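Examination of the molecular architecture
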Amino acid sequence: MDKILDIDNVDLKIISLLNKDAKTPYTEIAKKVFVSSGTVHVRMRKLEDLGVVKSATLNIDFSKLGYDISAFLGIYLEKSSLYDTVIEKLKDISEVINAYYTTGNYSIFAKIICKDTNHLREVLNKIQLVEGIDRTETLIVLEESINRPIHLATDKK
């Protein structure tokens, strides 16, 4: 079990602000948290070293880049022991943007993005040829209604 990390309210406030917009300059974060920009920089380095902050990402509207289909894919494995092998193969398929090892009906739950239904069919065929996959179920996204960062409580007890 992981030990509890030495993270205080300042760290949580910094994370919370950057989680809303990772492009926010440290000087602006510093003003909102009432610390120096150097302190923000040092705190971020600490959070990166602890593995709390893994990277900064962009929130991209893929449809504006021609990717009009988002889908979730429930993947049934022939045997659960094939998980690592299957995940390595899925990493080679660029349209697979997230994959999770899950409980429930599916062994793996993945999110894929495609340009259109023909592209989706090609990707599904490629995925279904991966050795170790028994079958898949596809759920096409009609609308993404919520996409937000988690609210971090800044009053640690």
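Residues numbered from 1 in each chain as written. Predicted model: local features only at pLDDT ≥ 70, side-chain atom pairs only at ≥ 80, totals over all residues. Heavy atoms only, no water.

1. Notes on helix H2 (residues 26-33)
Among all positions in H2, only Ile 29, Ala 30 and Val 33 are buried. Across the axial projection of H2, the buried residues extend over an arc of 100°, all falling on one side. Structurally, H2 contributes buried residues whose contacts are with helix H1 (9-20) and helix H3 (37-49). Looking at the residues trailing H2, positive phi occurs at Phe 34, about 65°. (Buried < 20%, exposed > 50% of the residue type's maximum accessible area, 1.4 Å probe, protein only. Helix = DSSP H or I, 4+ residues; strand = E, 2+ residues; numbered from the N terminus. Arc of directions from axis to C-beta. Contact = heavy atoms within 4.5 Å.)

2. Considering the environment of Tyr 67
Tracing the chain through its elements places Tyr 67 in the loop between H3 and strand S1 (69-77). In this structure, the C-alpha to C-alpha distance between Tyr 67 and Lys 115, residues 48 residues apart in sequence, is 3.8 Å. Filtering out sequence-adjacent residues up to four positions away, Tyr 67 remains in contact with Phe 62, Ile 113, Cys 114, Lys 115 and His 119.

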